[in-house]
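So the chains spell out like this:
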Amino acid sequence: MSGPLIVLVGPMGVGKSTVGELLAERLGTTYRDTDADVVAAAGKAIAEIFFDEGEEHFRELERRAVRDAVDQHTGVLALGGGAVLDAKTRALLAGRPVAYLAMDVEEAVRRVGLNTARPLLAVNPRRQWRELMDARRHLYEEVARTTVATDERTPEEVAQAVLDALELPEPAAVASGRENTPMTEQATTRIRIAGTAGTEPYEVLVGRQLLGELPHLIGDRAKRVAVLHPEALAGTGEAVREDLAAQGYEAIAIQLPNAEEAKTAEVAAYCWKALGQTGFTRSDAIVGVGGGATTDVAGFVAASWLRGVRWIAVPTTVLGMVDAAVGGKTGINTAEGKNLVGAFHPPAGVLCDLAALDSLPVHDYVSGLAEVIKAGFIADPVILDLVEADPQAARTPAGPHTAELIERSIRVKAEVVSGDLKEAGPREVLNYGHTLGHAIEKNERYKWRHGAAVSVGMVFAAELGRLAGRLDDATADRHRAVLESVGLPLTYRGDQWPRLLENMKVDKKSRGDLLRFVVLDGIGRPAVLEGPDPAVLLAAYGEVSA
């Protein structure tokens, strides 16, 4: 019988995702989660689906997701907590290697929390948990080949128990490799950024369970560490601070506003004040945990405090991982434009922990894909092939190519910035789609997501290249097809051209009054177009006008 190697069922909060990822790693295969598939298909969180359309609609989406996953996926598959309520789903699971992960009510409440946003545990978690389990326990047991208790067990112990119960041996290469490899280095990719202009080389790590690398990157000389994080990641920031404090550092957490609202002189001044009051010295370090805006601010504060202190980026979004946290460009916005105040100050290291993407809202995840697709057009067409092969899978961190897409995108940027730290020449190509994109962001007062604006900017750049006789029709059209397939926008308001043109004149790539645009002479062949005819610019904008 073809299908998943292992199917995990069990209540919410039992740890199916964590255990599933460990099992996939040990078995040398991929992990998939039907809840993530539902979120990707609906374009909204599960709680929002319950609120907007009701549980019945969610169950129908879940039923389809399970059917498709069981039919298509050959790795480790985790089902949502209520998937077994459907009789067709139970029939589909008959005879398959299903493991039921179980836990008692007190452990459930501890893991899921009393103030949970789970749609079926909104009032009295303990009572409702018991009621849910009374209704579902026999169904879990009906479909399961084995039951594994998770109480007082680590995820590693649970994963091993599942392997033992289902009698699935690990591939020898995987097992032997783990015996000789520290936990933080399992399935970790290290991408080196060469030092230039007197800067030290550093590494970008892509994998899971990477926070154990932080002390090494902070260094032996540091006594104090400041963890900068957005308000939305207050819990994560505090957890990192507590972990560093437990390791002997004088660790503080500095909370920033969310997204682009953090990138102001006032927020930077607030951070400087906190560092001054804490007695930060040149040997101390800053850790930026969050999306691209957070790492931009963290890097800028690190560059400007005492003329430069050590800092480490821990990006938690696709945009942060593939773009903002890599390359050493830091900055804040002003009323006149985006990133006009900043510094080139490379980090000591970048930790891209893919687990952070699992809880990222789908719109933020998709927004980050604009930078991934950009890397495909300017340098690595394999990225485009992977996205086109399965656009829906590309929209979710549970997709089979997530790690590869992120690693390939980082390698593109690594190759460029290693030879051009300060954007004196080749690094300009990384701004493909950004000239108009930044103008749109400013025009929208930074309420548009960066990736959405860059998506429109890339379509504009493709049309500009086509009209200038630089780019063939098929490649220009491919921009629209790829970007639209993952849900990114292709158009902007037609009546805004005069304002956008003024915004572009203060873009960092301009030279005097001469507008400069990165265009393509073909896939993987970026170039600069200087001072295009205003009529050509207007015609190109007409192609993206809504």
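Thresholds, definitions, all that
- For every chain, the first residue of its written sequence is number 1, and the numbers climb from 1 along that sequence.
- Local features in a predicted model are, by the rule used here, given only for residues with pLDDT of at least 70; side-chain atom pairs are given and counted only at 80 or more, and totals for whole chains, interfaces and linings are based on all residues.
- The side-chain figures draw on all heavy atoms in the structure; neither hydrogens nor water molecules are used.
- UniProt positions are given in the numbering used here, feature names are shortened, and annotations may be inferred rather than shown by experiment.
- For the purposes of this entry, the term helix denotes a DSSP run of H or I that reaches at least four residues, the term strand denotes a run of E that reaches at least two, and both are numbered from the N terminus.
- When a residue's accessible area, from a 1.4 Å probe over protein chains only, is under 20% of the maximum for its type it is buried; when over 50% it is exposed; and in between it is partly exposed.
- Here, two residues are considered to be in contact whenever any of their heavy atoms come within 4.5 Å of each other.
- In this scheme, strands are said to pair when DSSP sees at least two bridges between them.
- The angle between two axes is taken between their N-to-C directions and runs from 0 to 180 degrees, where each axis is a line fitted to C-alpha atoms and a helix contributes only its stretch in contact.
- By this rule, a helix spans an expected 1.5 Å times one less than how many residues it contains.
- Taking the helix axis as origin, the arc is that swept by the directions to the C-beta atoms.
- We define a polar contact as two N or O atoms separated by no more than 3.5 Å, with the added condition that, inside protein, one atom must be a possible hydrogen donor and the other a possible acceptor, whereas residues neighbouring each other in sequence contribute only through side-chain atom pairs.

- As recorded in an unreviewed UniProt entry, the chain goes by Multifunctional fusion protein and comes from Streptomyces halstedii.
- Listed in UniProt under the heading Subcellular location (unreviewed entry), the comment for the chain reads: "Cytoplasm".
- Its UniProt record, at the heading Subunit (unreviewed entry), says of the chain: "Monomer."

### As for the UniProt feature "binding site: substrate" (unreviewed entry) in the chain
Then, number 1: According to UniProt, the feature "binding site: substrate" (unreviewed entry) maps to D35, R59, G81 and R136 in the numbering used here.
Then, number 2: Examined against the element boundaries, D35 turns out to sit in helix α2 (residues 34–42).
Then, number 3: Since its relative accessible area comes to 23%, D35 is described here as partly exposed.
Then, number 4: Once residues within four sequence positions are removed from consideration, D35 is found in contact with I46, F58, E62 and G80.

### Concerning the environment of T34
Then, number 1: Note that T34 resides in helix α2.
Then, number 2: Overall, the relative accessible area of 0% leaves T34 in the buried class.
Then, number 3: In this structure the C-alpha to C-alpha distance between T34 and R63, which are 29 residues apart in sequence, comes to 9.3 Å.

### Comments concerning the sheet that holds strand β6 (residues 189–193)
In sheet architecture, strand pairing relies on hydrogen bonds along the backbone and comes in two forms, parallel and antiparallel.
Then, number 1: If you trace the 7 strands from one edge of the open sheet to the other, you get β6-β7-β14-β11-β10-β8-β9, paired in mixed fashion. Two strands in the sheet have a free side with no partner beyond their single neighbour: β6 and β9 (250–256). Geometrically, the sheet is characterised by an average inter-axis angle of 15 degrees between neighbouring strands, direction not taken into account.
Then, number 2: Bridging between strand β8 (residues 224–230) and β9 involves 7 bridges; their strand directions are parallel. From the neighbouring strand, V225 faces β9, where its bridge partner is A251.
Then, number 3: Most of the contacts of helix α11 (residues 234–246) go to β8, to which it runs at about 170 degrees, and overall it touches β8, β9 and β10 (285–290).
Then, number 4: Sheet contacts for helix α13 (residues 292–304): β8, β9, β10 and β11 (310–315); angle to β10, the most-contacted strand, approximately 170 degrees.

### Topic: helix α21 (residues 473–485)
Then, number 1: With 13 residues, α21 extends 18 Å between its outermost C-alpha atoms, agreeing within 8% with the 18 Å of an ideal straight helix rising 1.5 Å per residue.
Then, number 2: All buried positions along α21 are accounted for by T475, A476, H479, V482 and L483. One side of α21 carries all its buried residues, which in axial view fall inside an arc of 125 degrees. Relative to its buried face, α21 has exposed residues pointing more than 90 degrees away, namely A474 and E484.
Then, number 3: Those residues of α21 that are buried lie in contact with α15 (362–378), α16 (381–389), α20 (450–467) and β15 (516–520).
Then, number 4: The N-capping residue of α21, defined by a side-chain oxygen 3.3 Å from the backbone nitrogen of A474, is D472.
Then, number 5: With its phi angle positive at about 95 degrees, G487 sits one or two positions after the end of α21.

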